[in-house]
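Next come the chains, spelled out residue by residue.
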Amino acid sequence: MQISGYSSYATNPYAQTRSTAKSSASESGASTGETTASKTSAADAFLAEAKKTPAQRIRDDWLARHKMSEDDLKTMDSKKRESVEKDIAEEIKRKLTGKDAQRGAALNMVA
């Protein structure tokens, strides 16, 4: 005894799933050009970050923690900007010399 419509599933059980997936991707507007563009921009962002020096990364991290940008620094008055630049320079020096790791470091005596 054969059930109607079952024979197509017996030969290719994923036939309906594949056709549904193709049609939903075309309906949603997804295309290979859009995904390629986003991958390229992500790769460019990664390469830009990888090319930064450790000092530049520390500076960017400091600015992000203080919710500031380079443009904000440019618009500051000279005295406040000098103070901020001094704080950034001190943090860069501390982190690059390794003194930041020593400052307040907890030691795991169990291991």
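You'll find the structure just up there.
Residues numbered from 1 in each chain as written. Predicted model: local features only at pLDDT ≥ 70, side-chain atom pairs only at ≥ 80, totals over all residues. Heavy atoms only, no water.

**What to know about the pattern of salt bridges**
Line of reasoning, step 1. Summed over the entire model, instances satisfying the criterion amount to nine salt bridges.
Line of reasoning, step 2. Ionic pairing is found between Glu85 and Arg81, a salt bridge with its closest N-O pair at 3.7 Å. One end of the pair, Glu85, and the other, Arg81, are both in helix H6 (residues 78-97), four residues apart, so they sit about a helical turn from each other.
Line of reasoning, step 3. The class of Glu85 is partly exposed, set by a relative accessible area of 24%. (Salt bridge = Lys/Arg side-chain N within 4 Å of Asp/Glu carboxyl O. Helix = DSSP H or I, 4+ residues; strand = E, 2+ residues; numbered from the N terminus. Buried < 20%, exposed > 50% of the residue type's maximum accessible area, 1.4 Å probe, protein only.)

**Remarks on the side chain of Arg59**
Line of reasoning, step 1. By the secondary structure assignment, Arg59 is in helix H4 (residues 54-65).
Line of reasoning, step 2. Within the structure, the side chain of Arg59 is placed 2.9 Å from the side chain of Glu85, a separation counted as a polar contact.
Line of reasoning, step 3. Among residues more than four places away in sequence, those in contact with Arg59 are Glu70, Leu73, Glu85, Ile88 and Ile92. (Polar contact = N/O pair within 3.5 Å; in protein donor to acceptor, adjacent residues only side chain to side chain. Contact = heavy atoms within 4.5 Å.)

Function cannot be read off these values alone, since they describe shape.
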